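Each chain, written out:
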Amino acid sequence: MTTTAVTHIASLVTNDPSLGNGAPLGLIQDAAVVIDGDRIVWTGESSKAPATDNVLDAAGRAVIPGFVDSHSHLVFAGDRTQEFNARMSGQPYRAGGIRTTVAATRAASDEELSANVARYLAEALRQGTTTFETKSGYGLTVEDEARALRIASRHTDEVTYLGAHIVSPDYADDPAGYVDLVTGPMLEACAPHARWIDVFCEQGAFDGDQARAILTAGRAKGLHPRIHANQLTYGPGVQLAVELDAASADHCTHLTDADVDALGQGNTVATLLPGAEFSTRATWPDARRLLDAGATVALSTDCNPGSSFTSSVPFCVALAVRDMGMTPDEAIWSATAGGAAALRRTDIGRITPGARADLVLLDAPSHVHLAYRPGVPLVSAVWRSGRRVV
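Presented here is an overview of the structure given in this document. The written sequence of each chain sets the order in which its residues are numbered from 1. Given that this is a predicted model, residues contribute local features only at a pLDDT of at least 70 and side-chain atom pairs are listed and counted only at 80 or more, while totals for whole chains, interfaces and linings are drawn from all residues. Where side-chain values are given, they derive from all heavy atoms of the structure, hydrogens and water being excluded.

**Focus: the side chain of Thr160**
- Along the chain, Thr160 falls in strand 8 (residues 158-164).
- Here Thr160 falls in the buried class, since its relative accessible area comes to 0%.
- Whenever a nitrogen or oxygen atom comes within 3.5 Å of another N or O atom, the pair is scored as a polar contact, on the condition that within protein one atom can donate a hydrogen and the other can accept it, and that pairs from neighbouring residues in sequence are kept only if both atoms are in side chains. For Thr160, the side chain forms a polar contact with the side chain of Glu133, separated by 2.5 Å.
- By definition in these notes, contact holds between two residues if any of their heavy atoms fall within 4.5 Å. In contact with Thr160, other than residues within four places in its own chain, are Glu133, Thr134, Lys135, Ser136, Leu149, Ala194, Trp196, Ile197, Asp198 and Arg226. The numbering of helices and of strands both runs from the N terminus, where a helix is a DSSP run of H or I of at least 4 residues and a strand a run of E of at least 2. The classification of residues rests on relative accessible area computed with a 1.4 Å probe and restricted to protein chains. Under 20% of the type maximum is buried, over 50% is exposed, and intermediate values are partly exposed.

Spelled out as structure tokens, the structure:
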């Protein structure tokens, strides 16, 4: 293996509070990073960097950890431009549009679905995303959910079984029968290909009792829970997530004081998805309220063809700072270390010795520029597992 040093970094985000100024970002000024194989082996002041085989001069630009996108829906086919156009023309968002994507996904070939995943992953990588989670949920039959997970697992280890996205159109008159399918034959077929199980706990999808049954069944098969919670209305999703020690409760838009307290006191990460609010003109989640309560917050894209068709974590960072009460420091932490926490990972989302060498070089002197200059393509280089990929 060869060693590489990235030197003369104006501002290095390590996410290690013991480094730099002691704040959560662990900022080091005029810094360097040394990569050996797929790992970080040294961080510190550039003047103190050890000798290495290769040196890259960052020339006064910033380096941050690779973004960790812990919530996406990339195994799909079809297009919902007309639905978006209708929403932007005044029609309200409803979860029923998922059925349109279900029909297109079922009709697509494995090759088409895999090519779509690869396309959107390449798009995300160019914007600094080095780890992502993705879900099934657009098949809603045993065969189609299992193939979605097989396809997803070719591209990432963070795969989530979401047979409980909505009640399948095939079971429109028998939701209880569909829950039996999701917790029975579908789970048996899907569990070998997934790490996580998810459910859309919302009016028009699954209620609290159904969600508990689905997540409990998944846990019994070795899948860890995560949950779509409290996106469109107040509901039981957040409380259920904390009760079941779910890794994350995602959306968290409509929260009671009890919900906020539960997230502040539990281990469940509140994953906020501002792309969805942007694309549906919905109420913004109140990140400030969660942070002040001590909750761990992640920021992710929710990339999907209906309610949040963006793969850009920098865009979500800018939205979170502008409209959700986050500081630029908090938003960057949530899009890196927060996403890692939502996946219960300690090897990513930080730039410290022993961590996976996932780095993003910005064409800017500070991470603050991601919010300060929204929409500008500031990512100039990306390393994933020690290999430069952009």
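**Considering the packing of helix 12 (residues 313-323) against helix 13 (residues 328-342)**
- Packing of helix 12 against helix 13 leaves a shortest axis separation of 9 Å and a crossing angle of 140°. Classified by the angle their axes make, helix 12 and helix 13 are oblique. Along this stretch, helix 12 crosses helix 13, giving a crossing that reads as right-handed. Taking contact as the criterion, the partners of Val313, Val317 and Val321 in helix 12 are, on helix 13, Pro328, Ala331, Ile332 and Ala335. To define axes, lines are fitted to C-alpha atoms, for helices over the stretch in contact only, and angles between the resulting N-to-C directions are given on a 0 to 180 degree scale. Note on terminology: angles under 35 degrees are roughly parallel, angles over 145 are roughly antiparallel, angles of 65 to 115 are roughly perpendicular, and the others are oblique. Each crossing gets its handedness from the near helix: less than a right angle anticlockwise from the far helix is left-handed, clockwise is right-handed.

**Comments concerning helix 2 (residues 98-107)**
- Among the residues of helix 2, those classed as buried are Ile98, Thr101, Val102 and Thr105. Along the long axis of helix 2, the arc covered by the buried residues comes to 105°, so they all point the same way.
- In the core, the buried residues of helix 2 are packed alongside helix 3 (110-125) and helix 4 (142-153). Directions drawn from the helix axis to the C-beta atoms are what define this arc.

**Some details on the pairing of strand 15 (residues 359-362)**
- Where burial is concerned, the two faces of strand 15 agree: the one with Leu359 and Leu361 and the one with Val360 and Leu362 are both buried.
- Two elements, strand 5 (residues 62-65) and strand 15, share 3 bridges in a ladder whose sense is antiparallel. The residue bridging Pro65 from the neighbouring strand is Leu359, located in strand 15.
- Criterion used throughout: strands pair if DSSP finds at least two bridges between them. Alignment of strand 15 against strand 16 (residues 379-384), held across 4 bridges, turns out to be antiparallel. Directly across from Val360, in strand 16, lies its bridge partner Val382.

**Quick word on unusual backbone geometry**
- Here the phi dihedral of His8 falls at roughly 55°; this positive angle occurs in a residue that is not glycine.
- Position of His8 relative to the elements: it lies in strand 1 (residues 3-12).
- By relative accessible area, His8 is classed as partly exposed at 40%.
- Of note in the backbone geometry, Asn15 takes a positive phi value of approximately 60° without being a glycine.
- Within the secondary structure, Asn15 sits in the loop between strand 1 and strand 2 (28-36).

**A few points about the environment of Asp209**
- The topology assignment puts Asp209 in helix 7 (residues 208-220).
- Taking the C-alpha atoms as reference, Asp209 lies 9.1 Å from Pro236; in sequence the two are 27 residues apart.

**Some points on empty space enclosed by the protein**
- Computed over the protein atoms alone on a 1 Å grid, cavities are sets of points where a 1.4 Å probe fits but cannot get out and pockets are open sets with protein on both sides within 12 Å along at least five of seven lines; a residue lines them when it has an atom within 4 Å of a point. Grid points are joined across faces, edges and corners, and a volume is the space filled by probe spheres set on the points. For the structure on display, the rule yields 2 cavities of 30 Å³ or more.
- One number sums up the size of the largest cavity: a volume of about 110 Å³.
- As for the largest cavity, its lining consists of 15 residues, and the residues nearest its centre are Tyr93, Ile98, His165, Asn304 and Ser307.
- For this classification, Asp, Glu, Lys and Arg are treated as charged, while Ala, Val, Leu, Ile, Met, Phe, Trp, Tyr, Cys and Pro are nonpolar and the rest, including Gly, are polar. Broken down by class, the residue content of the lining of the largest cavity amounts to 4 nonpolar, 9 polar and 2 charged.
- Its volume calculated, the second largest cavity comes out at about 70 Å³.
- Every residue along the wall of the second largest cavity is listed here: Asp69, Ser72, Leu74, Tyr120, Leu121, Ala124, Thr129, Phe132, Thr301, Cys303 and Ser311.
- Of all the secondary-structure elements, those providing two or more residues to the lining of the second largest cavity are helix 3 and strand 7 (129-135).
- Residues belonging to the lining of the second largest cavity are distributed by class as follows: 6 nonpolar, 4 polar and 1 charged.

**Quick word on the packing of aromatic side chains**
- Two rings from Phe, Tyr or Trp (for Trp, the six-membered ring) form a pair when their centres sit within 6.5 Å of each other. Planes less than 30 degrees apart are called stacked, planes more than 60 degrees apart edge-to-face, and all others tilted. Considering all chains together, one arrives at 7 aromatic pairs under this definition.
- Centroid distance Phe76 to Tyr120: 5.5 Å. Interplanar angle 20°. Geometry classified as stacked. With Phe76 in the loop between strand 6 (67-69) and helix 1 (81-88) and Tyr120 in helix 3, the pair connects residues that are 44 residues apart, well separated along the chain.
- Geometrically, a charge over a ring is one whose NZ (Lys) or CZ (Arg) sits within 6 Å of the ring centre while staying within 35 degrees of the ring normal. Across from the ring centre of Trp196, 4.4 Å away, lies the NZ or CZ of Arg226, which sits over that ring.
- Positioned over the ring face of Trp383 is Arg388, at 5.5 Å from the centre of the ring.

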